[in-house]
Amino acid sequence: MPAVLYNGRGRSFKAKTMTLLQFSRDKLIVPAVVVFVALVHGTTGAHDRSFALLDCPPECLCDRNQPEVFHSNVTSKTLQTQDGFSSAEFGAGSDGEPASFNALCMVGQGAGFEKIEDLLSLDTTVLRIIYTSQTEQYQLNASNLVRFVHLRELHVKSLQAQLLRFSLDAELPVEQVYLESLELIRTEPPTVLDRTIPSLAGLGLQSLESGNENEANTYQVVDTQEEDIVADTLTETFELEIVPYEVYKRDLASTSNISFYGWSNLTALSIHDCQLETLHPDFLYGLERLHRLSLQHNNLKVLPSFAFYGAPNLRMLSLARNRLLEVSFYSLAGLLELQVLDLSENSISKVSELTFPPFPKLAKLDLRQNPIEYVFDSSFAIANMTRSLFIGSDSVGLQIGTPKPFQGLAKMELLEIRNLQVPVLNQYLFRGLQALRTLRLLQGNISFVEYDSFAEMKNLTDLQASHCSIRVLSMDAFFGVKRLRSIDLSHNLLTELPIGLFDEQLDLLELYLQGNRLTQLPNDFFRRLAPGVQIVRLIDNPWQCSCSMVHWRQAATNRLKVSSTSDSPLASYVYSNKLTPRCNDSANGILNRGVYYVIRKNLQCTKEITNTKEAHKALLRISEMNRQKQQALLLKRYSSNVRRFGPAHVTISAALVQQPGLAASSVSQHHTNHKASVDLPTVYQRPHQSLLYQRKQQRLQQKLHKSQRYATVAASGVVVPQRISNEIEY
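Residues numbered from 1 in each chain as written. Predicted model: local features only at pLDDT ≥ 70, side-chain atom pairs only at ≥ 80, totals over all residues. Heavy atoms only, no water.

Taking an unreviewed UniProt entry as the reference, the protein chain is identified by name as LRRCT domain-containing protein belonging to Anopheles farauti.

(A) Quick look at the sheet that holds strand β9 (residues 183-185). Judged by pairing direction, the sheet is parallel, and its 3 strands sit side by side in the order β5-β7-β9 without closing on themselves. Each end of this open sheet is capped by a strand with a single partner; those strands are β5 (138-141) and β9. Looking at each pair of strands side by side, their axes are set apart by 25° on average, direction ignored. Across 4 bridges, β5 lies against strand β7 (residues 164-167) in parallel orientation. Of the residues in β7, the one forming a bridge with Leu 140 is Phe 166. (Pairing = 2+ DSSP bridges. Helix = DSSP H or I, 4+ residues; strand = E, 2+ residues; numbered from the N terminus. Axes fitted to C-alpha atoms, helices over the stretch in contact; angles between N-to-C directions.)

(B) Expanded view of the nonpolar core. Within the largest apolar cluster, 136 residues are counted, with the highest numbers of intra-cluster contacts made by Phe 260, Phe 308, Phe 356, Phe 380 and Phe 430. Those residues in contact with Phe 356 that lie beyond four places of it in its chain are Phe 329, Leu 332, Leu 341, Leu 343, Val 351, Leu 365, Leu 367, Ser 379, Phe 380 and Ile 382. (Core = buried A, V, L, I, M, F, W, Y, C linked by side-chain atoms within 4.5 Å. Buried < 20%, exposed > 50% of the residue type's maximum accessible area, 1.4 Å probe, protein only. Contact = heavy atoms within 4.5 Å.)

(C) Representation of the packing of aromatic side chains within the structure. Throughout the structure, instances matching the rule amount to 17 aromatic pairs. Residues Tyr 261 and Tyr 285 carry aromatic rings whose centres are separated by 6.2 Å and whose planes lie at 40° to one another, so their mutual orientation is tilted. Here the residue Tyr 261 occupies a position in the loop between α4 (245-254) and β10 (268-272), and Tyr 285 occupies one in the loop between β10 and β11 (292-294), the gap between them amounting to 24 residues. By relative accessible area, which is 16% here, Tyr 261 ends up buried. Its relative accessible area of 11% is what places Tyr 285 among the buried residues. With centroids separated by 5.8 Å and ring planes inclined at 10°, the aromatic side chains of Phe 454 and Phe 478 adopt a geometry described as stacked. Within this pair, whereas Phe 454 is found in the loop between β21 (445-449) and β22 (462-466), its partner Phe 478 is found in the loop between β23 (472-473) and β24 (486-488), the two being separated by 24 residues in sequence. Using a relative accessible area of 2% as the deciding quantity, one classes Phe 478 as buried. In this arrangement the basic side chain of Arg 147 is found over the ring face of Phe 148, its NZ or CZ atom lying 5.0 Å from the centre. (Phe/Tyr/Trp six-rings, centres within 6.5 Å; stacked < 30°, edge-to-face > 60°. Lys NZ or Arg CZ within 6 Å of the ring centre and 35° of its normal.)

Quick look at the structure:
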């Protein structure tokens, strides 16, 4: 049977909806109610019935997915919930799994929690609680939810921050926990019975003598007595602070007791906006099944050593939007399975080679919006499997003084650097990024882009360097980067472009140059671009319009990209007149007018052919067109005379005989059965014709006279070379 929605205590659906709305008039709850109204309507439309059962309190909306009967070779179906919460897959299979029971409860006062504890079904698998009170403070204990032995997913949220307290006084068998805007409390610290001491192998640390020195996960902990010896190889060293025992006890007492020790089934844990300031050393101890951990939007400043060692199989860790001042080597040690690390929007000020422990599987590292001012040499070499790196902030400029800051990131595919402060962008900055495909340089201050700056990145396809204050580009700036498909140099300070700047980019599709100070482009700029270029964005530049712009491609400058997922590149672009570049020449009265309008109307420019070879080819094409026109006219005249005077009285023109093609064959076919005895009349008058017709008639008569003269010479046996005429052109 499909899922069945019902309400408790025999109330109608309308009455229950009104009850939920009466608990809170906050606008934030309206979307959740609307979603469940739609869900109930969709289900009741199929069944058109409701059940008056006692396992769904009046504060809740419940959804029961009854187990379906399958054959042994058919797998069970999964139910996709329609609410805004993230959910796991639940369902009943042929092996007798219990039905999925989902409940959304909106509680406006403390008495509502008691009803949930007393009336909610014991086989509830997904429980979502939204506390809607704006003034009353209440404490929800985890021990009150122990009776729900089948609970797999728990969501608890308070609309007003810290009005709802959640006590971790018991362990729950849940797999996913999502806590938001709560105050977490635990009266006593956890008692760990199976504690083990972290080993070097478990932390990814190995002595250099025990393994190969070139291995990526090899790392050496430098002792204080050896700092003088290795001072030339390390840029930064740790300084261990020794504090009195009383200070240590005071700090330990102030440490939060929040710990999920004993919640051994957890695979996903999210704690958002819960005002966490510190982490207990046993915060995650024993959670070997935990894969995702999100601690966003808290007040964490310092991470303790081995803070996440209790969850060795962690794959995603988010510490975004906290107040972390630094990240030490030991605080993140032991996360050998980590794939995504999000440290964005913190207060981290520096990154060195001793910041991160070994991350042999790290694929994404996010350091955006951290006031990082300096990046030391080989800072990311320990995370040599990283494919995406985001670094830089809007508030503090990023200065890179070392020659190889990204050395070791051989598999990096996406690099985003914000607010880069370097006077000259050279080729040493991106050394070691052979696999890079996308490079984003956002904002910053880069005055000059040197030659071969991107030559190391042979696989680069997307380059974005907008708002970087670039003034000058070397003519070989993009030398060696032959796979570029998109180049964005918008909103810089460019005043001119070197000739042949994009000659090697034969796969180029999009070029963005808007928002610069360009007044002219090289004369052969568009001719030297790749033939497949779809977009050349030139708006917001002070163009000085002249006839040299006559070769601009209007279809490329006025094209807009509407989709990047289409299989056909042409299907991804549309034409828009709003993208027309405009002139900025107030002296000639063409201020803020479209370039193509000024060229056509004000300047009256025409395309001039300067190449001699191209001009010769053009003349030959014109001559061939005129020859075909002349041949058609003479054949038409011959056919008209045959109809009027008869074939026996008409002489074939030598011009028709000598011209190859359809006309000559047609004439020969008409003339095979008739002998020519009379010359073609030289005058053919058509009454009441216009002056234009008379002039055309006169030109045709001149042509006919010349053709008859050539025919007479040919009859006498003199060889006359074939001539190409350009005189008939109308």
